[in-house]
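Chains, contacts and geometry: an overview
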Amino acid sequence: MDTNLIIYIAVALFVVLCSIIILIVIKKKTTNVKIDAKQESLKEKLAKTKNGLLGKMAEIVNLRGKVDNDLMDDLEEMLLQADIGVQTSGDIIDSLKDEIKLQKITAADEIQKHLEEIIRELLLKDYGRETDQLQYKNSKPFVVLFTGVNGVGKTTTIAKLAKRFTEKGKSVLMVAGDTFRAAAIDQLAIWAERTGSDIMRQQEGSDPSSVVYDGMMKAINKKYDVVLIDTAGRQHTKINLMNELSKIKRTIKKIIPDAPHETLLVVDATTGQNAITQAELFNKATELSGLVLTKLDGTAKGGIVIGIKHQLDIPVKLIGVGETYNDLRDFDINEFVEAIFE
Ligand SMILES: Nc1nc2c(ncn2[C@@H]2O[C@H](COP(=O)(O)OP(=O)(O)OP(=O)(O)O)[C@@H](O)[C@H]2O)c(=O)[nH]1
Ligand SMILES: [Mg+2]
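About the cut-offs
Residues numbered from 1 in each chain as written. Chains lettered and ligands numbered in written order. Predicted model: local features only at pLDDT ≥ 70, side-chain atom pairs only at ≥ 80, totals over all residues. Helix = DSSP H or I, 4+ residues; strand = E, 2+ residues; numbered from the N terminus. Buried ≥ 20, exposed ≤ 12 C-beta atoms within 10 Å, placed from the backbone. Contact = placed C-beta atoms within 7 Å. Near = placed C-beta within 6 Å. Nonpolar A, V, L, I, M, F, W, Y, C, P; charged D, E, K, R; others polar. pLDDT = per-residue confidence, 0-100. Pairing = 2+ DSSP bridges. Right-handed = clockwise from strand over helix to strand, strands pointing away. Axes fitted to C-alpha atoms, helices over the stretch in contact; angles between N-to-C directions. Expected span 1.5 Å × (residues − 1). Core = buried A, V, L, I, M, F, W, Y, C linked by C-beta atoms within 7 Å. Parallel < 35°, antiparallel > 145°, perpendicular 65-115°, else oblique. Left-handed = near helix turned anticlockwise from the far one by under 90°.

With that settled, consider the overall build of the chain. Per the secondary structure count, the chain includes twelve helices and eight strands. When its C-alpha atoms are laid out on the principal axes, the chain stretches across 85 × 70 × 30 Å. A burial count over the chain gives 39% of its 342 residues as buried. Within the chain, residue pairs in contact and separated by at least 24 positions form 75% of the contacts whose partners lie at least 6 positions apart.

Here we take up the site of ligand 1. Taken together, 21 residues sit near ligand 1, with Gly153, Thr155, Thr156, Gly233 and Gly320 positioned nearest. In terms of residues, the shell around ligand 1 owes the most to one element, helix 6 (residues 154-167), which gives three residues. Its residues placed into classes, the shell around ligand 1 shows four nonpolar, eleven polar and six charged.

On average, residues of the chain score 88 in pLDDT, and 94% of them are at 70 or above. Overall, residues 27-37 carries pLDDT values under 50, and its contacts beyond four positions in sequence, including any with other chains, amount to zero contacts.

A negative phi angle is the norm for most residues apart from glycine, just as the trans form is the norm for most peptide bonds. A cis geometry characterises the amide bond from Ala259 onward to Pro260, with omega recorded as -10 degrees. Of note, Lys295 is a non-glycine position whose phi angle comes to about 60 degrees, a positive value. For Lys295, the location among the structural elements is in the loop between strand 6 (290-294) and helix 11 (304-311).

Let's shift gears to the pairing of strand 5 (residues 262-268). In terms of residue burial, strand 5 counts as a mostly covered element, since seven of its seven residues are buried. Burial along strand 5 is two-sided: Glu262, Leu264, Val266 and Asp268 facing one way and Thr263, Leu265 and Val267 facing the other are all buried. Strand direction decides the pairing type here: strand 5 and strand 6, joined by five bridges, are parallel. The partner of Asp268 across the bridge, within strand 6, is Thr294. For the crossover that starts at strand 5, traverses helix 10 (residues 274-285) and ends in the parallel strand 6, the hand is right-handed.

Bringing the environment of Glu116 into the picture now. By secondary structure assignment, the location of Glu116 is in helix 5 (residues 111-126). Overall, Glu116 belongs to the partly exposed group, with 18 C-beta atoms counted inside 10 Å. When residues no more than four places from it in sequence are discounted, the contact partners of Glu116 are Val337 and Phe341.

This part takes up the sheet that holds strand 6. In space, the eight strands of this open sheet follow the order 3-2-4-1-5-6-7-8, with mixed pairing throughout. Because the sheet does not close on itself, it has two edges, and the strands there are strand 3 (198-200) and strand 8 (328-330). This sheet shows a mean twist of 25 degrees between the axes of neighbouring strands, independent of strand direction. Across six bridges, strand 2 (residues 172-177) lies against strand 4 (residues 226-231) in parallel orientation. Looking across to strand 4, one finds that Leu173 is bridged to Val227. Helix 10 contacts strand 1 (142-147), strand 5 and strand 6 of the sheet and is inclined by roughly 155 degrees relative to strand 5.

With six of eight residues buried, helix 11 is to be regarded as a mostly interior element. Considered for burial, the residues of helix 11 that qualify are Ile304, Val305, Ile306, Gly307, Ile308 and Lys309. Buried-residue contacts for helix 11 involve helix 4 (86-103), helix 5, helix 10, strand 6, strand 7 (316-320) and helix 12 (333-341).

This brings us to the pairing of strand 6. Looking down a regular strand, the side chains alternate between one sheet face and the other. Burial of strand 6 is extensive: five of the five residues sit out of reach of the surface. Alternating residues of strand 6 divide into Gly290, Val292 and Thr294 and Leu291 and Leu293, and every residue in both groups is buried. In this structure, strand 6 lies alongside strand 7, joined through three bridges in parallel fashion. For Val292, the partnering residue across the bridge sits in strand 7 and is Leu318.

Here we take up helix 7 (residues 182-195). Taking 1.5 Å of rise per residue, the 14 residues of helix 7 would be expected to cover 20 Å, and the 20 Å separating its terminal C-alpha atoms lies within 8% of that figure. The inward-facing, buried residues of helix 7 contact helix 6, strand 2, strand 3 and strand 4. Downstream of helix 7 by one or two residues, Gly196 has phi in the positive range, about 75 degrees.

Core analysis: the largest hydrophobic core is formed by 79 residues, its most contacted members being Met174, Val227, Leu228, Val267, Leu291 and Leu293. Ignoring anything within four residues of it in the chain, the contact list for Val267 reads Gly148, Val152, Ala275, Gln278, Ala279, Leu291, Val292 and Leu293.

Here Thr131 is to be found in the loop between helix 5 and strand 1. A tally of 11 C-beta atoms within 10 Å means that Thr131 is categorised as exposed. When the C-alpha atoms of Thr131 and His114 are compared, they prove to be 29 Å apart, with 17 residues separating the residues in sequence.

Our next topic: the packing of helix 5 against helix 12. Between helix 5 and helix 12, the least distance of the axes is 10 Å, while the angle of their chain directions is 155 degrees. With respect to helix 12, the element helix 5 is oriented roughly antiparallel. The crossing of helix 5 and helix 12 is right-handed. Contacts between helix 5 and helix 12 involve Glu116, Ile119, Arg120, Leu123 and Leu124 from the former and Ile333, Val337 and Phe341 from the latter. In terms of residue class, the contact of helix 5 with helix 12 is made up of six nonpolar, no polar and two charged.

Pasting the structure below:
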């Protein structure tokens, strides 16, 4: 063979090999960046809560300097201000006092790591069951009903969840059960288009149960993987609106008896302890399987996540930490505790 030809082939092979190595390195780097950016961002997103707890704790410990009743009172006040709730804050402080006795802790600056561990353990104890996670059923379709008071983030949560499913190659049908305003139906239609989902809609003012019926039938006939049902924001104190929700659920069950597989109450984390009352009343009207706590990025009162399951037996399954698709996260105890304490 011609020596020039051999050299050409050798050079070509070398160039191809180098390109493959460069491509592998670039791919690995970009994947890592994405993962890091996600982990980093939860800490950033929860920065206000983190400052409210950790920042305050440092101040209190500096001010008091020693382990005594005044320090305990200040720490309890700090937990209350972060919206952890009276009962849960009291339980946390009682456990801390026990730990102080048991471990004979005298240095105030050791308190943080014990408090963090107590909160982590409390969450782990409260979240032991399999049903504490979002229950994605492989049985088609997986039906999720979204409820909540006005403006809490129901529709945007549906969009974020839809995107998560369509990215995994699942077919998603959104049901415009908020027939109260034409704008709500149009808003959902825009999200359906953006996320690659389909929508079942009727005109403004129609009976929400009727749209839900049509949506469920379509989902079965066209074999959708996931059905996400939007509903109008309603005050938990208005009996007739709460009854409408029960009717929607009965309609779903008529078509698929074990659906909805999830009935989620979306709660704005900035609402404070009123969230507990909302959850209790919605749970009465339509048994809830979980909560979505939104807008945790905008509040120093993210402690509500810690108290809400301890006070009610309803788990937080998803958290909203911003307005982009990536800002809907599964609630992960360790990730959450690390984000606010480390
Ligand atoms: N910062 C922040 N904003 C959010 C989050 N979730 C939702 N929002 C914003 O909250 C506002 C209300 O959201 P919607 O999804 O329309 O709320 P809704 O519950 O459907 O409202 P109604 O249908 O009017 O009852 C929008 O501006 C959203 O972008 C979140 O996790 N963080
Ligand atoms: Mg809405």
